[in-house]
Amino acid sequence: MLFHVRMDVHLPHDLDPDVRADTVAREKAYSQRLQRAGKWPHLWRIAGEYSNISVFDVDSADELHDLLSALPLFPHMTIKVTPLATHPSKVTDALV
Ligand SMILES: O=C(O)C[C@H]1C=CC(=O)O1
């Protein structure tokens, strides 16, 4: 199952710089582990914002929830999830 996910990060301005650096480093390692596992096939920065657009490929909404809620930045994010279904006009034999 594919899910479109938008994450907006809102780190507190008074967050200790060492805590911030550690959290961001753990987030990067965690996200790269999920990308390598094929669970997080798209990760795009929204230009000009501390936000991303992602696509997750998971077995269920419960799995997605578990993965998202384990993000080190999860306490500092607003997350919007959109389930994706197959479009009836999608060409399946196109050369891309
Ligand atoms: O920077 C972000 O968009 C938040 C988050 C998503 C992946 C990652 O490494 O950090």
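Provided above is the structure to which this section pertains.
Predicted model only: the values in this text are computed from it and were never measured. (Residues numbered from 1 in each chain as written. Predicted model: local features only at pLDDT ≥ 70, side-chain atom pairs only at ≥ 80, totals over all residues. Heavy atoms only, no water.)

Participant: Looking at this model, I keep getting lost on the site of the ligand. Mind explaining?
Facilitator: Lining the immediate environment of the ligand, one finds Val9, Glu27, Lys28, Ser31, Trp40, Arg45, Tyr50, Asn52, Leu73 and Met77. Note that an oxygen atom of the ligand is positioned 3.4 Å from one of the side-chain N or O atoms of Ser31. Contact between the ligand and Asn52: an oxygen atom at 2.8 Å from a side-chain N or O atom of the residue. Expressed as a share of its isolated accessible area of 280 Å², the protein-covered part of the ligand is 89%. The leading source of residues in the shell around the ligand is helix 1 (residues 17–36), at three residues. Residue composition of the shell around the ligand, by class: five nonpolar, two polar and three charged. (Near = heavy atom within 4 Å. Polar contact = N/O pair within 3.5 Å; in protein donor to acceptor, adjacent residues only side chain to side chain. Areas by Shrake-Rupley, 256 points an atom, 1.4 Å probe, with all protein chains shown as cover. Helix = DSSP H or I, 4+ residues; strand = E, 2+ residues; numbered from the N terminus. Nonpolar A, V, L, I, M, F, W, Y, C, P; charged D, E, K, R; others polar.)

Participant: Would you take a moment to explain the nonpolar core for this structure?
Facilitator: The nonpolar side chains of soluble globular proteins are, as a tendency, buried together. In terms of nonpolar packing, the biggest core is built from 16 residues, with Val5, Met7, Phe56, Leu64, Leu68 and Leu71 touching the most fellow members. Counting residues per element, the ones that place at least two in this core are strand 1 (2–9), helix 1 and helix 2 (61–69). With four residues, strand 1 is the largest single contributor of residues to this core. Here Phe56 is in contact with Met1, Leu2, Phe3, Val5, Met7, Leu34, Lys39, Trp40, Pro41, Leu64 and Leu68, once residues within four sequence places are set aside. (Core = buried A, V, L, I, M, F, W, Y, C linked by side-chain atoms within 4.5 Å. Buried < 20%, exposed > 50% of the residue type's maximum accessible area, 1.4 Å probe, protein only. Contact = heavy atoms within 4.5 Å.)

Participant: For this particular structure, what's the right way to read the pattern of salt bridges?
Facilitator: Where charged atoms of side chains with opposite charge meet at close range, the side chains can pair. Applying the stated criterion across every chain, the model contains four salt bridges. Glu49 is the salt-bridge partner of Arg6, the closest N and O atoms lying 2.7 Å from each other. Of this pair, Arg6 sits in strand 1 while Glu49 sits in the loop between strand 2 (42–45) and strand 3 (51–57), and the two are 43 residues apart along the sequence. In this structure, the salt-bridge partner of Glu63 is Lys39, at a minimum N-O distance of 2.8 Å. Separated by 24 residues along the polypeptide, Glu63 in helix 2 and Lys39 in the loop between helix 1 and strand 2 bring together distant segments of the chain. With a relative accessible area of 19%, Glu63 lands in the buried category. (Salt bridge = Lys/Arg side-chain N within 4 Å of Asp/Glu carboxyl O.)

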